Amino acid sequence: MGRFDGRVAVVTGAARGIGLAIATRLADEGASVAVLDLDEAQAGAAAEQLPAEAGRPHLGIGCDVSDTGSARAAVERVVGELGALHILVNNAGVTRDNLLFKMTDDDWDTVIAVHLRGAFAMTRAAQQHFVQQKYGKVVCLSSVSALGNRGQANYAAAKMGIQGFVRTLGIELGPFGVTANAIAPGFIATDMTDATAARVGMPVEEFRQAAADRNPVRRVGYPEDIAAAAAFLCSEEASYITGQTLYVDGGAKLVS
Ligand code: NAI
């Protein structure tokens, strides 16, 4: 018996990184999972590698979450092909880091569009199914950067926006059996943080070691750390938790 037997989950931005780890964990515990990502072939390849047994399909869908039509179409396809929707993980994300005086309109708009309009568009499309069946779980990815991070005015604004978003969803959707929470990861070893290393001109291992040295638990985080928290928030054990942001950061927030 898995915690998510019979459940259908959508994880956005799940072709790699944290999203793929969350999709894998949910599938491992019994869910049928739709992997959404920009490129349908990559989403399909990720879906194919998820744990599965006969009669429990997964699905890969090409979707740009910042495009409300694309988000709506993806949700309808999931419900059509997998039969229902119970869990939505808004994970898709991008960075366009720059100090404020160098940040372009495009840097700002892209980050806000993917994180905030993306989470909004996906959740609005999913909520009609959640409300109808009086059941739903929403988990959104925030970040420790929500608390402020040099070079990330756009990203910090979007990630703090996510925290306000789930608080409001908690109020509006609670009466319909829907919980909504956020996870705020600290440094997680993925392509996203590797790209940051490249941008600041540091070898990946050195960059990770520096992050580990600054962290109270003296290590970096891994996608599986976030997947474990997401699975908990999507489980029945978390049914009295809503509107919250859980920092999964090895205590980074405590010393920042
Ligand atoms: P990643 O860059 O490895 O993966 C992000 C995925 O999102 C990619 O597969 C990408 O194609 C997809 N994506 C980007 N724009 C999209 C769009 N418009 N529509 C659909 N898919 C799109 O990133 P990572 O590290 O796995 O991050 C996942 C989430 O966790 C993001 O929301 C990120 O902001 C957040 N996060 C990551 C941290 C880290 O240290 N890696 C720390 C805090 C938060």
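Our subject is the structure listed above.
The shown structure was predicted, so the numbers you read here are calculated from the model rather than taken from an experiment.

## As for the overall build of the protein
Looking only at helices and strands, the protein has 9 helices and 7 strands in total. Computed over C-alpha atoms, the radius of gyration of the protein comes to 17 Å, within 12% of the 18 Å expected from 2.2 N^0.38 for 256 residues, which places it in the range of a compact globule. Seen through its C-alpha atoms, the protein measures out along the principal axes to roughly 45 × 35 × 35 Å. The buried share among the 256 residues of the protein stands at 52%. Taking the intrachain contacts of the protein between residues at least 6 apart in sequence as the baseline, contacts between residues at least 24 apart amount to 72%.

## Some words on the site of the ligand
What surrounds the ligand is a group of 28 residues, the closest being Arg16, Asp37, Asn91, Tyr155 and Thr190. Here a nitrogen atom of the ligand sits 2.8 Å away from a polar atom, N or O, in the side chain of Asp64. The protein chains hide 94% of the 830 Å² of surface that the ligand would expose on its own. The set of elements that each furnish at least two residues to the shell around the ligand consists of helix 1 (17–28), helix 4 (105–133), helix 5 (153–173) and helix 6 (191–200). In terms of residue count, helix 6 provides more of the shell around the ligand than any other element does, 3 residues in total. Taken together, the residues of the shell around the ligand sort by class into 13 nonpolar, 10 polar and 5 charged.

## A word on the packing of aromatic side chains
Per the counting criterion, the structure on display carries 1 aromatic pair. A ring pair is formed by Phe187 and Phe207, whose centres lie 5.6 Å apart and whose planes are at 55°; its orientation type is tilted. Note that Phe187 is positioned in the loop between strand 6 (178–185) and helix 6 and Phe207 in helix 7 (residues 204–214), a separation of 20 residues in sequence. Residue classification places Phe187 among the partly exposed positions, given a relative accessible area of 22%. Sitting above the plane of the Tyr135 ring, Arg7 keeps its charged end 4.0 Å from the centroid.

## What about helix 7?
Within helix 7, the full set of buried residues consists of Phe207, Arg208, Ala211 and Ala212. For helix 7, the buried positions fall inside an angular range of 135° around the axis, keeping them on one side. Facing away from the buried side of helix 7 by more than 90 degrees, the exposed set consists of Glu205 and Arg214. The elements touched by buried residues of helix 7 are helix 6.

## As for the sheet that holds strand 1 (residues 8–12)
Read from one edge of the open sheet, 7 strands run 3-2-1-4-5-6-7, paired in parallel fashion. Because the sheet does not close on itself, it has two edges, and the strands there are strand 3 (59–62) and strand 7 (245–248). Within the sheet, the average angular offset between the axes of one strand and its neighbour, ignoring direction, is 20°. Relative to strand 7, strand 6 runs parallel, the two sharing 4 bridges. Looking at the pairing, Ala182 lines up with Thr245 of strand 7. Each of strand 1, strand 2 (32–37), strand 4 (87–90) and strand 5 (136–141) is contacted by helix 1, which is oriented at about 170° to strand 1, the strand it contacts most. On top of the sheet, helix 5 reaches strand 5, strand 6 and strand 7; it is set at about 160° to strand 6, its chief contact.

## Side note on the pattern of salt bridges
What the rule picks out here adds up to 10 salt bridges. When the shortest N-O distance is used, the salt bridge between Glu40 and Arg77 registers 3.4 Å. Here Glu40 is found in helix 2 (residues 40–48), whereas its partner Arg77 is found in helix 3 (residues 68–82), with 37 residues between them in sequence. A salt bridge links Arg199 to Asp97, with the shortest nitrogen-to-oxygen separation between them at 2.5 Å.

## Regarding the nonpolar core
Counting residues in hydrophobic clusters, the biggest one holds 34 residues, and the most contacted among them are Val10, Leu36, Val78 and Met122. When contributions to this core are tallied by element, the ones reaching two or more residues are strand 1, strand 2, strand 3, helix 3, helix 4, strand 5, helix 5 and strand 6. With 7 residues, the single largest contributor to this core is helix 4. When near neighbours in sequence (up to four residues on either side) are disregarded, Val78 contacts Val8, Val10, Ala34, Leu59, Ile61, Gly83, Ala84 and Leu85. Core analysis: the next-biggest nonpolar cluster, separate from the first, contains 32 residues, Leu20, Leu26, Leu141 and Ala231 among them.

Criteria and thresholds
Residues numbered from 1 in each chain as written. Predicted model: local features only at pLDDT ≥ 70, side-chain atom pairs only at ≥ 80, totals over all residues. Heavy atoms only, no water. Helix = DSSP H or I, 4+ residues; strand = E, 2+ residues; numbered from the N terminus. Rg over C-alpha atoms; globule rule 2.2 N^0.38 Å. Buried < 20%, exposed > 50% of the residue type's maximum accessible area, 1.4 Å probe, protein only. Contact = heavy atoms within 4.5 Å. Near = heavy atom within 4 Å. Polar contact = N/O pair within 3.5 Å; in protein donor to acceptor, adjacent residues only side chain to side chain. Areas by Shrake-Rupley, 256 points an atom, 1.4 Å probe, with all protein chains shown as cover. Nonpolar A, V, L, I, M, F, W, Y, C, P; charged D, E, K, R; others polar. Phe/Tyr/Trp six-rings, centres within 6.5 Å; stacked < 30°, edge-to-face > 60°. Lys NZ or Arg CZ within 6 Å of the ring centre and 35° of its normal. Arc of directions from axis to C-beta. Pairing = 2+ DSSP bridges. Axes fitted to C-alpha atoms, helices over the stretch in contact; angles between N-to-C directions. Salt bridge = Lys/Arg side-chain N within 4 Å of Asp/Glu carboxyl O. Core = buried A, V, L, I, M, F, W, Y, C linked by side-chain atoms within 4.5 Å.

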